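So you can see what is in the structure, the chains are spelled out below.
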Amino acid sequence: PTFLQPLVFLLGFILAALVRVHRTCNASHARVPRAMGVIFDERKYPVVDSAPTVRRTVANFNATDWAWVLGTGLVGLPIGFKTGLASGGRARIPTMYTGGIIGLMGGFCFALQNSSGRLLGLLPNEAEVEEANRKR
């Protein structure tokens, strides 16, 4: 049919463009080696662990980190409840739980970032350095 000809032409044009982009990207990646996980900030504090694992980072949480996790979770509960009221009140409780979970996850990510920053020597880390010196 006649109406399919422009569609086939357009699909062929898009496919040719994608192949061209793919070849260009592969060629540029082959020439330039890339480094993963490079930190460009100067480390102002002693490095406790230059490559901390998630387990080590979570084990390094202090009271402030846990306060962030719980605080953001608690703040998310009323926000979720208020959002559920906008649906006529039917979704109050599910959106309240969802808001709390989102708050917990956000607080956990923030605490994880702070803890890894202390281990990497990017944030003040006196307690971590003292603990590392005691273990030696």
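Residues numbered from 1 in each chain as written. Predicted model: local features only at pLDDT ≥ 70, side-chain atom pairs only at ≥ 80, totals over all residues. Heavy atoms only, no water.

Engineer: I keep staring at the overall build of the chain and nothing clicks. Help me out?
Structural biologist: Looking only at helices and strands, the chain features 5 helices and 0 strands. For the chain, the sequential pattern of α-helices and β-strands runs α-α-α-α-α. Evaluated residue by residue, the chain yields a buried proportion of 22% over its 136 residues. Of the contacts made within the chain by residues no fewer than 6 positions apart, 72% connect residues no fewer than 24 positions apart. Accessible area for the chain stands at about 10400 Å²; split by element, carbon and sulfur atoms hold 67% of it. (Helix = DSSP H or I, 4+ residues; strand = E, 2+ residues; numbered from the N terminus. Buried < 20%, exposed > 50% of the residue type's maximum accessible area, 1.4 Å probe, protein only. Contact = heavy atoms within 4.5 Å. Areas by Shrake-Rupley, 256 points an atom, 1.4 Å probe, with all protein chains shown as cover.)

Engineer: Can you walk me through the packing of aromatic side chains in this structure?
Structural biologist: The geometry of an aromatic ring pair is captured by the separation of the ring centres together with the interplanar angle, meaning the angle of the planes. By the definition in use, this model includes 3 aromatic pairs. Arranged with centres 5.6 Å apart and planes meeting at 55 degrees, the rings of F61 and F108 form a pair that is tilted. A residue pair is termed long-range when its members are at least 10 positions apart, and F61 in the loop between α2 (54-59) and α3 (63-85) and F108 in helix α4 (residues 92-120) qualify at 47 residues. On the basis of relative accessible area, F61 is assigned to the buried category, the value being 9%. Linked through ring pairs, F61, W66 and F108 together constitute an aromatic cluster. (Phe/Tyr/Trp six-rings, centres within 6.5 Å; stacked < 30°, edge-to-face > 60°.)

Engineer: Help me understand helix α5 (residues 126-135) in this model?
Structural biologist: Side chains of residues three or four places apart in an α-helix project in the same direction, reflecting 3.6 residues per turn. Of the positions making up α5, those classed as buried are E128, V129 and A132. What you see down the axis of α5 is that its buried residues fit within an arc of 100 degrees, all on one side. Those residues of α5 that are exposed and aimed more than 90 degrees away from the buried face are E126, A127, E130 and R134. Those residues of α5 hidden inside the fold are in contact with α4. (Arc of directions from axis to C-beta.)

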